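Report on the structure
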Amino acid sequence: MTTGAENRPLPESPARQLTPRGFGEALAGGLARLVRPPRPMATPAFRIFAGWPERICAALVGLALVLFGMAYLDTPILRMAGRFEGWWGTVFTIATDMGRSDWILIPSGVALLALLALASPARSLADRVLLALAARFAFVFLAVGGSGLIISIVKRIIARGRPRFFDEFGALYFQFPSWSPHFASFPSGHSQTAFASALALAFLFPRWRLWLIGAAFVIAYSRVAVDAHYFTDIVVGSLWGAWFTLMTRELFARRGLVFTPGADRRPFALPWRRVRAAVAARLSRAG
């Protein structure tokens, strides 16, 4: 159901043109809002462990579980999984390709830059609509790209050998540090991307959350199925991507960006008719 207000043309800021200066102003304005203090009435940030003693204990327990998994779980699970051939092999090959970060980072990054180029720092209602949409793309980009950047560094430092070296050296084969892709097994970057992307989109589109998270599980498991990772690799990568995305939502929500600052952290409603009208108007003026 639409209202007359949604169909009315949006007021434009005077003499708005696509210039590097305007893009820089929009980018600086967005960064300023992201690093500003949380809203006074915002719900406190979500924390699993409140104090540093609890966090240190949790980290030590997590490290022990990871080492236990590497030593006692990875080998039997790898042998049990085996190699998939034929139709199932094709399915898992396609699934594992969908775990590449390019599929989410390039579209969200390009859309973010384009919207910042079209909008000025909230000079009119049209600008605010465009910047609200840009904030959604920024959330997805930061959740996936931020967690992926950290994992890319960590996995090069740990430098665990991939399962292709299992027959010769076993599951506990490291060459730290190493920048070779053959020694970048732990944690799994594809699993991190899958769960970071799935949760970021699920937070924005809650109705699709079961399908998105289910697809993330398939992509993560495909890394074992195609003999690219061990079980602990995909578990740690998945948990890291999910946790980082959750914390990114907290960062945005407590500042009133994309998500409500209340306890439910729902995404703000976005008037898609106004978005289309604002984009069309700016593109016509730019042309």
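Residues numbered from 1 in each chain as written. Predicted model: local features only at pLDDT ≥ 70, side-chain atom pairs only at ≥ 80, totals over all residues. Heavy atoms only, no water.

Quick look at the overall build of the chain
- From N to C terminus, the chain includes 12 helices and 0 strands.
- Tracing the chain from N to C terminus, the helices and strands come up as α-α-α-α-α-α-α-α-α-α-α-α.
- The buried share of the chain, taken over its 287 residues, is 41%.
- A sequence separation of at least 24 residues applies to 75% of the contacts in the chain between residues at least 6 apart.
- In the structure as shown, the chain presents an accessible area of about 16000 Å², 70% of it carried by carbon and sulfur atoms. (Helix = DSSP H or I, 4+ residues; strand = E, 2+ residues; numbered from the N terminus. Buried < 20%, exposed > 50% of the residue type's maximum accessible area, 1.4 Å probe, protein only. Contact = heavy atoms within 4.5 Å. Areas by Shrake-Rupley, 256 points an atom, 1.4 Å probe, with all protein chains shown as cover.)

Digging into the nonpolar core
- Counting 40 residues, the largest nonpolar core has F139, V140, F252 and F259 as the members making the most contacts within it.
- The greatest single-element share of this core, amounting to 12 residues, is contributed by helix α7 (residues 125–158).
- Leave out the neighbours within four places in its chain, and F252 touches L34, A135, A138, F139, L142, L257, V258 and F259. (Core = buried A, V, L, I, M, F, W, Y, C linked by side-chain atoms within 4.5 Å.)

A look at the side chain of S191
- Position of S191 among the secondary structure elements: in helix α9 (residues 189–204).
- In contact with S191, other than residues within four places in its own chain, are A220, R223, I234, G237 and S238.

Quick notes on the layout of surface pockets
- Each pocket or cavity is described by its volume, and for the largest pocket that value is around 870 Å³.
- For the largest pocket, the lining is made up of 26 residues, of which G62, V66, V236, L239 and W240 are closest to its centre.
- Going through the elements one at a time, α3 (52–72), α7 and α11 (231–253) are the ones with two or more residues in the lining of the largest pocket.
- It is α3 that contributes the most residues to the lining of the largest pocket, 9 residues altogether.
- Residue composition of the lining of the largest pocket, grouped by class: 22 nonpolar, 3 polar and 1 charged. (1 Å grid on protein atoms, 1.4 Å probe; cavity = no way out; pocket = protein on both sides within 12 Å on 5 of 7 lines; lining within 4 Å. Points joined across faces, edges and corners; volume = space filled by probe spheres on them. Nonpolar A, V, L, I, M, F, W, Y, C, P; charged D, E, K, R; others polar.)

Considerations on a nonpolar patch on the surface
- Taken together, the side chains of F68, Y72, L73, F231, V235 and L239 make up a nonpolar region of the molecular surface, amounting to roughly 570 Å² of accessible area.
- Secondary-structure elements contributing two or more residues to the nonpolar patch are α3 and α11.
- Looking at where F231 falls in the secondary structure, it is placed in helix α11. (Patch = residues over 30% accessible without salt bridge, like charges linked within 9 Å, V, L, I, M, F, W, Y side chains within 5 Å. Salt bridge = Lys/Arg side-chain N within 4 Å of Asp/Glu carboxyl O.)

Quick word on the pattern of salt bridges
- One pass over the full model with this rule turns up 6 salt bridges.
- With its nearest N and O atoms 2.6 Å apart, the salt bridge here joins R266 to D264.
- If you follow the salt bridges from partner to partner, you end up with D74, R160 and D233 in one network.

Some words on helix α6 (residues 102–118)
- The terminal C-alpha atoms of α6, which comprises 17 residues, lie 24 Å apart, in line with the 24 Å expected from a rise of 1.5 Å per residue.
- Of the residues making up α6, those classed as buried are I104, S108, G109, A111, L112, L115, L116 and L118. (Expected span 1.5 Å × (residues − 1).)

Brief notes about the side chain of T260
- Tracing the backbone shows T260 in the loop between α11 and α12 (272–286).
- The buried category is assigned to T260, whose relative accessible area is 11%.
- Within the structure, the side chain of T260 is placed 3.3 Å from the side chain of D264, a separation counted as a polar contact.
- Contacts of T260, omitting those with residues within four sequence positions, involve A253, R265, R266 and F268. (Polar contact = N/O pair within 3.5 Å; in protein donor to acceptor, adjacent residues only side chain to side chain.)

Here's the deal with the packing of helix α5 (residues 86–97) against helix α10 (residues 209–225)
- At their nearest, the axes of α5 and α10 sit 8 Å apart, and the two run at 120° to each other. When the interaxial angle is binned, α5 and α10 end up oblique. The interaxial crossing formed by α5 with α10 has left-handed handedness. Together, F92, A95 and T96 of α5 and V218, I219, Y221, S222, R223 and A225 of α10 make up the contact between the two elements.
- Here the residues of the contact of α5 with α10 are counted per class, giving 6 nonpolar, 2 polar and 1 charged. (Axes fitted to C-alpha atoms, helices over the stretch in contact; angles between N-to-C directions. Parallel < 35°, antiparallel > 145°, perpendicular 65-115°, else oblique. Left-handed = near helix turned anticlockwise from the far one by under 90°.)

Geometry only, nothing functional implied.
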